[in-house]
Amino acid sequence: MDNQEKVKVFSEKIATIKQELHKDVVGQEDIIENVIIAIIAGGNVLLEGVPGVGKTRLVRSLGKTLSLPFSRIQFTPDLMPSDVTGTNVVEKDDAGKLKTVFRPGPIFANLVLADEINRATPKTQSAMLEVMQEHKITVTGKTYKMQEPFFVLATENPIEQDGTYPLPEAQMDRFMFKLIMKFPKINELFDIVNMTQITMDETAQAVVDGETILNMRALASTVPVIDDVLMYTMNLVTNTHPELENASDTAKKYIKYGASPRAAQALITAAKVRALIRGNYNVSYEDIDALAYPVLRHRIKINYNAINDRLTVDDVIGLLIKENKKASK
Amino acid sequence: MGEGFLKFKRKVYIDAIIKSVVIGLFVGAPIFTALFILSKRQIIGVNGWLCAVLGIVAALIAGGLAYLFLRPNNKKLAKKLDKELVLHEKVQTMVEFADAEDVMAALQREDTDERLRLQSVSGAKFTRLWMYITAGVLSVAMLVTAFAVPKKKEPVPVDPPFQMDNWQQIALEDLIEYTQSSGMIESAKAYTVEELQGLLATLLETKYTSEMKEQVITVIVNVDGKVDEVNSYTAVYGALNGSMDNAVVELSSAIAELDVASTTTAFTDLRKIFTYAEYKRTTEVFVAQTRTALGKSGYDSQDGLYAAVEKFLVGLEGVASDFSEYDETELNAALDGAEGVGGIFGAAADDIHDAIVQQKTNRTVGKYVISELMEIFEISKDELPDLGEDEVFVDSETGGGQTGNEDDKNDGGYGKGEQLFGSNDQIYDPEKGHVAYGEVLNEYFAKVSEQLVNGTLSEEMQEFINGYYAQLYNGSKDGQ
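Residues numbered from 1 in each chain as written. Chains lettered and ligands numbered in written order. Predicted model: local features only at pLDDT ≥ 70, side-chain atom pairs only at ≥ 80, totals over all residues. Heavy atoms only, no water.

1. Focus: the overall build of chain A
Here comes step 1: A count of helical and extended segments in chain A gives 14 helices and eleven strands.
Here comes step 2: Accessible area of chain A: about 15600 Å², with a carbon and sulfur share of 52%. (Helix = DSSP H or I, 4+ residues; strand = E, 2+ residues; numbered from the N terminus. Areas by Shrake-Rupley, 256 points an atom, 1.4 Å probe, with all protein chains shown as cover.)

So, in structure tokens, the structure goes:
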């Protein structure tokens, strides 16, 4: 199949995936699209939302649509790292000899739902670090590679923060996106109720497989990005750092810590996928601006000035985008 | 680049050219306008063509620089198209990855070019159109103004009307009378009187000052020309003085004397050249050379001076033939006496002196007429054409001379060397015309004396006046 065909297939597949997902998830178009972008781009997603908005359902439905093995890890304070990664157990073989056998943990799947990840202890959370970044895990000195495509979708409950362990910066940085799943609109709630009266099970069918995802990922990586857009992206990320000499006014005023270089990488990688999803063969400023929110909101820390001015992190990101646009003209 | 992009590129190139032309015009027009108007108003001395050249050069430089700045390069054009056609960096990507060989880049180029092909070129807007239209209109307005501003005209002098005053008429009539009674040669006198009478008649009808001046100046030129015509002195003297023959040059010196005594002395010296033994031959050569020189003077036998010299030559020829080649002293002495050669030389001196004096009188009267006309009708020297040089009346001792120009100082009379005698100055006597002062000295002193006796002058003044006349009687200007 030549690349033109591949692009055509890409667009069709995306449309199909969205269509299937919408069978189980009402509304949340942005969330669905960004999750798809993250999967194709090879990134992980942190999903924040109140209980019952469909976070788990989305991931389960996604697993079915992508016909990828799916596992769910419910993080609790007593969850141990080995509960996530798996452990060696001693077993008797057929001959009756004792041997150690590795029993893989729930992390060994293509799609992993790390539910309420902020409830687990930092020790357990750190078990996710290596696998999220490098797609491999080391247990008792032995390294096990995850099967590609590997995708972690972690969830956070913004309400019950007592007794939780906020994710460390290092781990936050491993998530390509942080998406906020909002409470559905009334008409969406209407559809949800109607739909779930029929069945609570996910009805999405498999439409792509892992290999297709990998092919789509390879295709997306070839989308060209002009230097001006690259520079625009770099400026956007560096402008989040108040300590830099050329820091933007917004950063100086409202930001305590800025985004890491992974933010720039995530922006470009995801922008390529987004461009292709929308039928474009190049990355535009619009792609960068649209993805700035999910990429930066968990990577920058706003200060008390922003809180005093009643600005959310998304508001600050909006100001950064505005300043960056002005500077680039 | 694909056809879609190229069509926009062509359009933007044309836009850049138009803008450059307008900018050039906007720079060149005010420069040309300013210079041209200043030139027209004669504030600066710059030719109209030079103003145009400077304006064009400025326009070309400005337009050229503008074009270099405005002409599109692919990157700038791509940016402009992405912005105006809302193509989200497609064109910029196409341009930046124009040479990329990977398939996605090729797809991207193809897709973008297709989109551009479907767009109309009007999508690429001519930026700041109003500004360029305004600049163009202003430039044209400036150029129109440059040509519309009228040239500075020299104020047309108002020609005042003229009506001859009574006193002018009387003065002119007096001038005619003076001329008629003057010692001017008859031909010149009659001509001058006729000119003045004609002028009088004409001026009575003349209505404008410019016409009056033209008529008066014409008379002045004519009178001056007539005097030049009748005065042969300069030409004859010059012709004789320029001869290679010493005797002829001596003759010119004799002509140079302005009083009879001096002229006679000069001819006496000339006689010494003519020795008895060589008389015939000397005469032959002398006469031939003199006639040759006279021929060069351009004057004919009717001229008084010419006639006097010719008479002298004829006389010499007549006597020369009688001279013996042999040394017959008694015969030659008789021929050399007062009845012979002596008489001829003496007569020549008188004839030539009279001729010169006549010519001087002609010049003096002519000058007087001219100066009076200028005074009566208020004509300045600048208004007159060049009347040429006057005759040089030679002083035989110094070789220099007095001219007939009224501007030259009259040191009083004529004479030899440094000592000048005032009593022979020519003066104008209302009854006698121009006469030597010495001739009327007694009469004037008598009249003055009568006034000194009966008048009320102070003793000091009386003493001064007596002393003046004493000097005149003594014949020395400085009283020596």
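2. So, the sheet that holds strand β8 (residues 151-156) of chain A
All names here are of chain A.
Here comes step 1: An order of β2-β5-β8-β1-β9 is seen for the five strands of this open sheet, with the pairing classed as parallel. Strands at the two margins of the open sheet, each flanked by one partner only, are β2 (70-74) and β9 (175-181). Direction aside, neighbouring strands of the sheet carry axes that sit 20° apart on average.
Here comes step 2: The strands touched by helix α2 (residues 29-41) are β1 (44-49), β5 (111-115), β8 and β9; relative to β9, the strand with the most contacts, the crossing angle is about 165°. (Pairing = 2+ DSSP bridges. Axes fitted to C-alpha atoms, helices over the stretch in contact; angles between N-to-C directions. Contact = heavy atoms within 4.5 Å.)

3. Details of the interface of chain A and chain B
Here comes step 1: Opposite the 21 residues of chain A that make contact, chain B presents 17 residues.
Here comes step 2: Together, the buried faces of chain A and chain B total about 1600 Å²; carbon and sulfur atoms form 60% of this surface.
Here comes step 3: Among the residues chain A hides against chain B, the three largest losses belong to Ile226(A), Tyr281(A) and Asn282(A). Together they make up 36% of the total.
Here comes step 4: There are one salt bridge connecting chain A and chain B.
Here comes step 5: Residue Lys79(B) is joined to Asp228(A) by a salt bridge in which the shortest nitrogen-to-oxygen separation is 4.0 Å. (Buried area = accessible area lost by both parts, 1.4 Å probe. Salt bridge = Lys/Arg side-chain N within 4 Å of Asp/Glu carboxyl O.)

4. What about unusual backbone geometry?
Among all residues except glycine, the phi angle is most often negative; among peptide bonds, the trans geometry is most common.
Here comes step 1: Cis rather than trans, the peptide bond between Glu148(A) and Pro149(A) has omega equal to -5°.
Here comes step 2: Of note, Pro149(A) is situated in the loop between β7 (142-145) and β8.
Here comes step 3: For Glu116(A), which is not glycine, the phi dihedral falls at a positive 50°.
Here comes step 4: When you line up the elements, Glu116(A) lands in the loop between β5 and α5 (122-134).
Here comes step 5: Look at Glu116(A) and you get buried, because its relative accessible area is 18%.
Here comes step 6: Although it is not a glycine, Val86(B) sits at a positive phi angle of roughly 50°.
Here comes step 7: By the secondary structure assignment, Val86(B) is in the loop between α3 (74-84) and α4 (90-96).
Here comes step 8: On the accessibility criterion, Val86(B) (54% relative accessible area) is exposed. (Buried < 20%, exposed > 50% of the residue type's maximum accessible area, 1.4 Å probe, protein only.)

5. Looking at the pattern of salt bridges
Here comes step 1: Under the definition given, this model contains 29 salt bridges over all chains.
Here comes step 2: Between Lys189(B) and Glu186(B) there is a salt bridge; the shortest N-O distance is 3.3 Å. On the criterion of helical spacing, the pair formed by Lys189(B) and Glu186(B) is a turn pair, its members being three residues apart in helix α8 (residues 186-205).
Here comes step 3: Relative accessible area serves as the criterion here: at 11%, Lys189(B) is assigned to the buried category.
Here comes step 4: On the accessibility criterion, Glu186(B) (54% relative accessible area) is exposed.
Here comes step 5: The structure contains a network of salt bridges with shared partners spanning Lys18(A), Glu33(A) and Arg278(A).

6. Remarks on helix α10 (residues 233-241) of chain B
Here comes step 1: Burial in α10(B) covers these residues: Tyr233(B), Val236(B), Tyr237(B), Ala239(B) and Leu240(B). Taken around the axis of α10(B), the buried residues stretch over an arc of 165°, which confines them to a single face. (Arc of directions from axis to C-beta.)

7. Observations regarding the side chain of Gln171(A)
Residues and elements named next belong to chain A.
Here comes step 1: Within the secondary structure, glutamine 171 sits in helix α6 (residues 169-172).
Here comes step 2: At 2.8 Å, the side chain of glutamine 171 forms a polar contact with the backbone oxygen of glutamine 125.
Here comes step 3: Excluding residues within four positions of it along the chain, glutamine 171 makes contact with Ile117, Gln125, Ser126, Met128, Leu129 and Met132. (Polar contact = N/O pair within 3.5 Å; in protein donor to acceptor, adjacent residues only side chain to side chain.)

8. Section: a nonpolar patch on the surface
Residues and elements named next belong to chain B.
Here comes step 1: Residues Ile31, Leu50, Val53, Leu54, Val57, Ile61, Leu65 and Leu68 make up a contiguous nonpolar surface patch of about 680 Å² in total accessible area.
Here comes step 2: The biggest single contributor to the nonpolar patch is helix α2 (residues 48-70), with seven residues.
Here comes step 3: Its location among the elements puts leucine 68 in helix α2. (Patch = residues over 30% accessible without salt bridge, like charges linked within 9 Å, V, L, I, M, F, W, Y side chains within 5 Å.)

9. Observations regarding the pairing of β5(A)
Residue and element names in this part refer to chain A.
Here comes step 1: Along β5, five of the five residues are buried, which leaves the element largely enclosed by surrounding structure.
Here comes step 2: Residues Leu111, Leu113 and Asp115 of β5 are buried on one face, and the alternating residues Val112 and Ala114, pointing to the opposite face, are buried as well.
Here comes step 3: Note: β2 against β5, five bridges, orientation parallel. Note that in β5 the partner of arginine 72 across the bridge is leucine 113.
Here comes step 4: Pairing of β5 with β8, which is carried by four bridges, proceeds in the parallel orientation. If you follow leucine 113 over to β8, its bridge partner there is leucine 153.

10. Let's talk about the side chain of Ser20(B)
Here comes step 1: In this structure, Ser20(B) sits in helix α1 (residues 3-40).
Here comes step 2: For Ser20(B), the residues in contact, after removing those within four places along its chain, are Gly63(B), Ala66(B), Tyr67(B) and Leu70(B).

11. Considering the environment of Arg115(B)
Here comes step 1: Within the secondary structure, Arg115(B) sits in helix α5 (residues 103-118).
Here comes step 2: Placed 24 residues apart in sequence, Arg115(B) and Val91(B) show a C-alpha to C-alpha distance of 9.6 Å.
Here comes step 3: Aside from chain neighbours lying at most four places away, what touches Arg115(B) is Gly279(A), Asn280(A), Leu87(B) and Lys90(B).
Here comes step 4: A distance of 3.0 Å separates the side chain of Arg115(B) from the side chain of Asp111(B), its partner in a polar contact.

12. Details of the nonpolar core
Here comes step 1: By size, the foremost hydrophobic cluster in this structure holds 75 residues, and its most contacted members are Phe10(A), Val35(A), Leu66(A), Phe151(A), Phe177(A) and Ile288(A).
Here comes step 2: Looking at which element gives the most residues to this core, the answer is helix α11 (residues 261-277) of chain A, with ten residues.
Here comes step 3: Core analysis: the next-biggest nonpolar cluster, separate from the first, contains 32 residues, Tyr233(B), Phe267(B), Ala308(B) and Val341(B) among them. (Core = buried A, V, L, I, M, F, W, Y, C linked by side-chain atoms within 4.5 Å.)

13. A closer look at the packing of aromatic side chains
Here comes step 1: Tallying each qualifying case throughout the model produces nine aromatic pairs over all chains.
Here comes step 2: Note on Phe286(B) and Phe312(B): the rings are 6.1 Å apart at their centroids and 75° apart in plane angle, and the pair reads as edge-to-face. Note that Phe286(B) is positioned in helix α13 (residues 279-297) and Phe312(B) in helix α14 (residues 304-320), a separation of 26 residues in sequence.
Here comes step 3: Through a chain of ring-to-ring contacts, three or more aromatic side chains come together here, namely Phe102(A), Phe108(A) and Tyr144(A).
Here comes step 4: If you follow Lys76(B) out to its NZ or CZ, it ends over the ring of Phe69(B), 5.3 Å from the centre.
Here comes step 5: In this arrangement the basic side chain of Lys226(B) is found over the ring face of Tyr191(B), its NZ or CZ atom lying 5.3 Å from the centre. (Phe/Tyr/Trp six-rings, centres within 6.5 Å; stacked < 30°, edge-to-face > 60°. Lys NZ or Arg CZ within 6 Å of the ring centre and 35° of its normal.)

14. What about the packing of α11(A) against helix α12 (residues 285-296) of chain A?
Axis angle and axis distance: for two packed helices, these are the angle between their axes and the distance between the axes, and together they describe the pair.
Residues and elements named next belong to chain A.
Here comes step 1: Close contact between α11 and α12 brings their axes to 9 Å; oriented N to C, the two are set at 130°. Classified by the angle between their axes, α11 and α12 sit oblique to one another. Crossing handedness for the pair α11 and α12: right-handed. Residues Ala263, Ala266, Leu267, Ile268, Ala270, Ala271, Arg274 and Ala275 of α11 touch α12, and the partners they reach there are Glu286, Asp287, Ile288, Ala290, Leu291, Ala292, Val295 and Leu296.
Here comes step 2: Along the lines of polarity and charge, the residues of the contact of α11 with α12 split into 13 nonpolar, no polar and three charged. (Parallel < 35°, antiparallel > 145°, perpendicular 65-115°, else oblique. Left-handed = near helix turned anticlockwise from the far one by under 90°. Nonpolar A, V, L, I, M, F, W, Y, C, P; charged D, E, K, R; others polar.)

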